[in-house]
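Coordinate analysis (summary)
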Amino acid sequence: MNPKKPSDSRTVMTDLVLPSETNPLNNLFGGELLARMDRAASITARRHSRRVAVTASVNHVAFNRSVPLGSVVTLEAAISRTFRTSMEVYIDVWMEDRVSGERTKANEAIYTFVAVDETGKPTVVPPIEPETELEKIRFDGALRRKQLSLVLAGKMKPHDATELKALFI
Ligand SMILES: CC(C)(COP(=O)(O)OP(=O)(O)OC[C@H]1O[C@@H](n2cnc3c(N)ncnc32)[C@H](O)[C@@H]1OP(=O)(O)O)[C@@H](O)C(=O)NCCC(=O)NCCS
């Protein structure tokens, strides 16, 4: 399979925060943001693999800043690394200042998707070639995050997590 670039499948989604999507403090409800991130990441995984892609795990979410009612929120999802059938997708969340239009990073998350065929069986995805400095940094850390995710899910023995052992030994 020919390699693809992260920019080939990058997904940008801009939307408002409406009253029905907030918590009692009038900030964006966490579950609503998770759903928006899942949607953006799913489109990216589908664009890269040209297959149905299912969420296999949510590896990391940082709710660093609350997002107030009425905010304009932009999600950017990009493939950071592919393996055999799975794809790591990074989602960066930006808020836009109403007056100046300046963008501030609000949150970020890392999801893993698996491309499947019509029967739900995992299927091979094209490799990815990172281009920018940030894409290369995220690519380099992805195997470590995959192993951590598999260990936490009970799908890999800690003993076999070579990348994690290398951090401590
Ligand atoms: C995700 C799913 C397809 C994986 O199927 P599986 O039988 O475990 O298949 P495999 O063991 O071959 O794993 C497939 C790939 O997923 C990866 N994977 C599975 N679980 C993972 C996890 N928790 N974290 C990271 N990667 C994971 C495997 O490492 C493998 O990657 P690779 O082929 O790139 O090396 C299957 O568990 C599934 O369909 N889950 C439900 C998905 C869903 O409905 N999501 C929506 C939630 S409501």
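Residues numbered from 1 in each chain as written. Predicted model: local features only at pLDDT ≥ 70, side-chain atom pairs only at ≥ 80, totals over all residues. Heavy atoms only, no water.

Looking at an unreviewed UniProt entry, one finds the protein chain named Acyl-CoA thioesterase and attributed to Muriicola marianensis. UniProt annotates the protein chain under Sequence similarities (unreviewed entry) with the comment "Belongs to the acyl coenzyme A hydrolase family." (UniProt positions renumbered as here; feature names shortened; annotations may be inferred.)

1. A short note on the site of the ligand
Close contacts around the ligand come from 16 residues, with Arg-84, Thr-85, Ser-86, Lys-146 and Ser-149 the closest. Taking Ser-57, its side chain carries an N or O atom lying 3.3 Å from a nitrogen atom of the ligand. Lys-146 is positioned with one of its side-chain polar atoms (N or O) 2.8 Å from an oxygen atom of the ligand. If the ligand stood free it would expose 950 Å²; the protein chains cover 55% of that surface. Secondary structure elements with two or more residues in the shell around the ligand: strand S2 (52-62), strand S5 (103-116) and helix H3 (133-152). If you tally residues by element for the shell around the ligand, the top one is S2, at four residues. Here the residues of the shell around the ligand are counted per class, giving seven nonpolar, six polar and three charged. (Near = heavy atom within 4 Å. Polar contact = N/O pair within 3.5 Å; in protein donor to acceptor, adjacent residues only side chain to side chain. Areas by Shrake-Rupley, 256 points an atom, 1.4 Å probe, with all protein chains shown as cover. Helix = DSSP H or I, 4+ residues; strand = E, 2+ residues; numbered from the N terminus. Nonpolar A, V, L, I, M, F, W, Y, C, P; charged D, E, K, R; others polar.)

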